[in-house]
Amino acid sequence: MAQKPSIPKGTRDFGPAEMAGRNYIFDTIKSVFKTYGYAPIETPSMENLSTLLGKYGDEGDKLLFRILNSGDAFSGIDYSLFRLPEGENSYNSKALSLKVCEKGLRYDLTVPFARFVVQHQNEISFPFKRFQIQPVWRADRPQKGRYREFYQCDADVIGSRSLLNELELVQIVDRVFELFGVRVCIKINNRKVLTGLAEICGFPDKVVDITVAIDKIDKIGIDAVKAEMYEKGLTEEAVAVIEPVLLFEGDTSAKLSFMRGLMEGGSSSGTMSETGVKGIDELEELFGLVGAAGISQEVEMDLSLARGLNYYTGAIFEVKAKDFQIGSICGGGRYDNLTGIFGLPDMSGVGISFGADRIYDVLKGLDKFPSEVKSSTRILFANMGDNELKYIIPVVACLRKSGVACEIYPEQTKLKKQFDYADRKSIPFISITGGDELENSVINIKNLASGEQKVFKKDKISEILDFIS
């Protein structure tokens, strides 16, 4: 029996209707990126593992898809070098995988971008503003809204520390979702504040453990976050400093005031954090710029926002849809040290990433795709016979030159079948041109939604365009 065709879990096929929606998303986001001076680049689907490993934290490294070396990757391997003390058949799989896998599929677009900047630093002008719309891969457990292969739409600017860049990213998010007709909440925090939190609670060396735990608060809740921090070695006194921050409610001004007090030595430990104060200064300046810019979407200072990726060093962003239940649909932040890993220090950057697949689910769930996206074809010309076919072909050619998507039904068959075809493809107009139309040199066009029907002279293409536009 033939094997049933399938695709790997966490991946999806996209038919014409889905592709029309996805291209609408890509084109909309791309158009906004361009208005802010961002230029497109592309990087390979695979990168050297040395480029990827260690940039996303231990949990991120586990989610990297590794690619076996070409040929017999395991040929000539001395397994005794990787054997663990536990037993003859126990091996250090992590070390072994590095021996047989030199490349991996990219996990995101930011680390490859940093590699690109360093590799091409003599060919680009700084500050460098780029956008990139390409797929990424993560060996995650597939579930609703979480895929193993998905597209990201990234905009980054590197070579400038100005908070005007952060403001522009907020403005880009604001404009994109305004065009989509989707209400969102733009959440903002600063990793310096989280670093300061680790310092004032007495565990500056645990900042990564603290942020990784806090980053899960929406998924597992405050009690589980506290339990994880205890497991990582934090004391009850330390967690008692952190917990009120995660639960604090109030407007931006109240949150800034509360956090400034803590960072300046107002916690139970009495410790001051210069890094944390710097983070509060940056947040205060950024929210001042946001207020002046007149952002239409909700912007919130979220003290529990952590963003688990290790490379963030300043402002961090996360965007959530307000009227559709799904995870974050956009996120990003400032990174100061990423290019330094590749040999180009002191090159600060900041970026935002739109999750196209989740945005698609939101637009579909809220029925926000424009009607014209649902069909690429604007008008179907019915096939009424050989003479009629020769008559309409020049008309179709003129319409196509004018940018109108047209189809001629390929077979001469019953009109009902041709109408059904137009209905299934959501084609809004149909032209039924028979012997009478040929005799009078006219074209008959019907609006399938309203039932309105009009007759046009064959050469009056502009009038036809006005009717079907």
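Use the structure listed above.
The sections below set out a description of the structure shown in this document.

1. Thoughts on the side chain of D61
Here is step 1: Mapped onto the elements, D61 comes out in helix α3 (residues 57–62).
Here is step 2: Residue D61 is classed as buried on the basis of its relative accessible area, which comes to 11%.
Here is step 3: Among residues more than four places away in sequence, those in contact with D61 are L52, L53, G54, K55, Y56 and R66.

2. Here we look at the sheet that holds strand β4 (residues 103–105)
In sheet architecture, strand pairing relies on hydrogen bonds along the backbone and comes in two forms, parallel and antiparallel.
Here is step 1: Pairing is antiparallel across the open sheet formed by 3 strands, whose spatial order is β2-β4-β3. Lying at the two open borders of the sheet, with one neighbouring strand each, are β2 (46–48) and β3 (66–67).
Here is step 2: Sheet analysis places β3 next to β4, joined by 2 bridges and oriented antiparallel. Within the sheet, the bridge partner assigned to I67 lies in β4 and is K103.

3. Topic: the pairing of strand β5 (residues 128–137)
Here is step 1: Where burial is concerned, most of β5 is hidden: 9 out of the 10 residues are buried.
Here is step 2: Bridging between strand β1 (residues 39–40) and β5 involves 2 bridges; their strand directions are parallel. Bridged to A39 within β5 is R130.

4. So, helix α5 (residues 110–119)
Here is step 1: Of all 10 residues in α5, 9 are buried, a share of seventy percent or more.
Here is step 2: When we look at burial in α5, the residues that qualify are T110, V111, P112, F113, A114, R115, F116, V117 and V118.
Here is step 3: As for α5, its buried residues are in contact with β2, α2 (49–52), β5, β6 (149–158) and β10 (330–335).

5. Things to note about the pattern of salt bridges
Here is step 1: Evaluated as defined, the whole model comprises 24 salt bridges.
Here is step 2: Across the salt bridge formed by D357 and R22, the nearest N and O atoms sit 3.0 Å from each other. With D357 in helix α13 (residues 356–365) and R22 in helix α1 (residues 16–35), the pair connects residues that are 335 residues apart, well separated along the chain. By the burial criterion, D357 is buried, and R22 matches it.
Here is step 3: In this structure, D323 engages R183 in a salt bridge whose closest nitrogen and oxygen atoms are separated by 2.8 Å. Residue D323 is found in the loop between β9 (315–321) and β10, and its partner R183 is found in the loop between α6 (164–180) and β7 (184–190); the two are separated by 140 residues along the sequence.
Here is step 4: The class for D323 is partly exposed, based on a relative accessible area of 39%.
Here is step 5: For R183, a relative accessible area of 45% translates into the label partly exposed.
Here is step 6: Salt bridges sharing partners connect three or more residues here, namely R12, R22, D357 and D361.

6. Some points on the environment of L338
Here is step 1: Turning to its location among the elements, L338 is positioned in the loop between β10 and β11 (349–355).
Here is step 2: Through-space distance from the C-alpha of L338 to that of A2 is 49 Å; in sequence the pair is 336 residues apart.
Here is step 3: Beyond its immediate chain neighbours, meaning those up to four positions away, L338 contacts T110, V111, A114 and Y311.

7. Focus on the side chain of K187
Here is step 1: Relative to the assigned elements, K187 resides in strand β7.
Here is step 2: Judged by its relative accessible area of 14%, K187 falls in the buried class.
Here is step 3: Discounting chain neighbours no more than four positions away, the residues touching K187 are E300, D302, L305, I316, F317, E318 and K320.

8. Here we look at unusual backbone geometry
Here is step 1: For the bond from F126 to P127, the omega torsion is -5°, close enough to zero to count as cis.
Here is step 2: Despite not being glycine, S426 has its phi angle at roughly 55°, a positive value.
Here is step 3: For S426, the location among the structural elements is in the loop between α15 (415–424) and β14 (429–431).
Here is step 4: Given a relative accessible area of 41%, S426 falls into the partly exposed group.
Here is step 5: Not every positive phi belongs to a glycine, and S441 is a case in point at roughly 55°.
Here is step 6: When its relative accessible area of 38% is taken as the criterion, S441 is described as partly exposed.

9. Here we look at the packing of helix α7 (residues 191–200) against helix α8 (residues 207–214)
Here is step 1: The geometry of α7 relative to α8 is characterised by a closest axis approach of 9 Å and an angle of 115° between their N-to-C directions. Relative to α8, α7 is oriented so that their crossing is right-handed. For the pair formed by α7 and α8, the contact residues are R191, L194, T195 and A198 on the first element and V207, I210, T211 and I214 on the second.
Here is step 2: Of the residues contributing to the contact of α7 with α8, the split by class is 5 nonpolar, 2 polar and 1 charged.

10. With respect to the nonpolar core
Here is step 1: Grouped together as the largest cluster of nonpolar side chains are 104 residues, with contacts concentrated most on I25, F177, F180 and F354.
Here is step 2: Top element by residues in this core is α6. It accounts for 8 residues.
Here is step 3: If we ignore the near neighbours within four places in the chain, the residues touching F177 are V182, V184, Q297, V319, I329, F354 and I359.
Here is step 4: In this structure, L399, V404, F456 and I468 belong to the second largest nonpolar core, which totals 17 residues.

11. Examining the sheet that holds strand β13 (residues 406–408)
Here is step 1: In spatial order, the strands read β13-β12-β14-β15-β16; together these 5 strands make up an open sheet with mixed pairing. The sheet is open, and its two edges are formed by β13 and β16 (453–457), each paired on a single side. When strand polarity is set aside, the average angle formed by the axes of neighbouring strands in this sheet is 25°.
Here is step 2: Examined bridge by bridge, strand β15 (residues 442–447) and β16 share 5 bridges and lie antiparallel to one another. Bridging across to β16, V442 finds its partner in K457.

12. Concerning the packing of aromatic side chains
Here is step 1: Throughout the structure, instances matching the rule amount to 15 aromatic pairs.
Here is step 2: For the ring pair F177 and F354, a centre distance of 5.9 Å and an interplane angle of 35° mean the geometry is tilted. Here F177, found in helix α6, pairs with F354, found in strand β11; they are 177 residues apart in sequence, far enough to count as distant.
Here is step 3: Consider the rings of Y360 and F369, whose centres lie 5.3 Å apart with planes at 55°: the pair is tilted. The pair formed by Y360 and F369 is uniform in burial state, with each residue classed as buried.
Here is step 4: Members of the aromatic cluster, connected to one another through ring pairs, are Y24, F33, Y38, F131, F177, F180, F354, Y360 and F369.

Each value, and the rule that gives it
Residues numbered from 1 in each chain as written. Predicted model: local features only at pLDDT ≥ 70, side-chain atom pairs only at ≥ 80, totals over all residues. Heavy atoms only, no water. Helix = DSSP H or I, 4+ residues; strand = E, 2+ residues; numbered from the N terminus. Buried < 20%, exposed > 50% of the residue type's maximum accessible area, 1.4 Å probe, protein only. Contact = heavy atoms within 4.5 Å. Pairing = 2+ DSSP bridges. Salt bridge = Lys/Arg side-chain N within 4 Å of Asp/Glu carboxyl O. Axes fitted to C-alpha atoms, helices over the stretch in contact; angles between N-to-C directions. Left-handed = near helix turned anticlockwise from the far one by under 90°. Nonpolar A, V, L, I, M, F, W, Y, C, P; charged D, E, K, R; others polar. Core = buried A, V, L, I, M, F, W, Y, C linked by side-chain atoms within 4.5 Å. Phe/Tyr/Trp six-rings, centres within 6.5 Å; stacked < 30°, edge-to-face > 60°.

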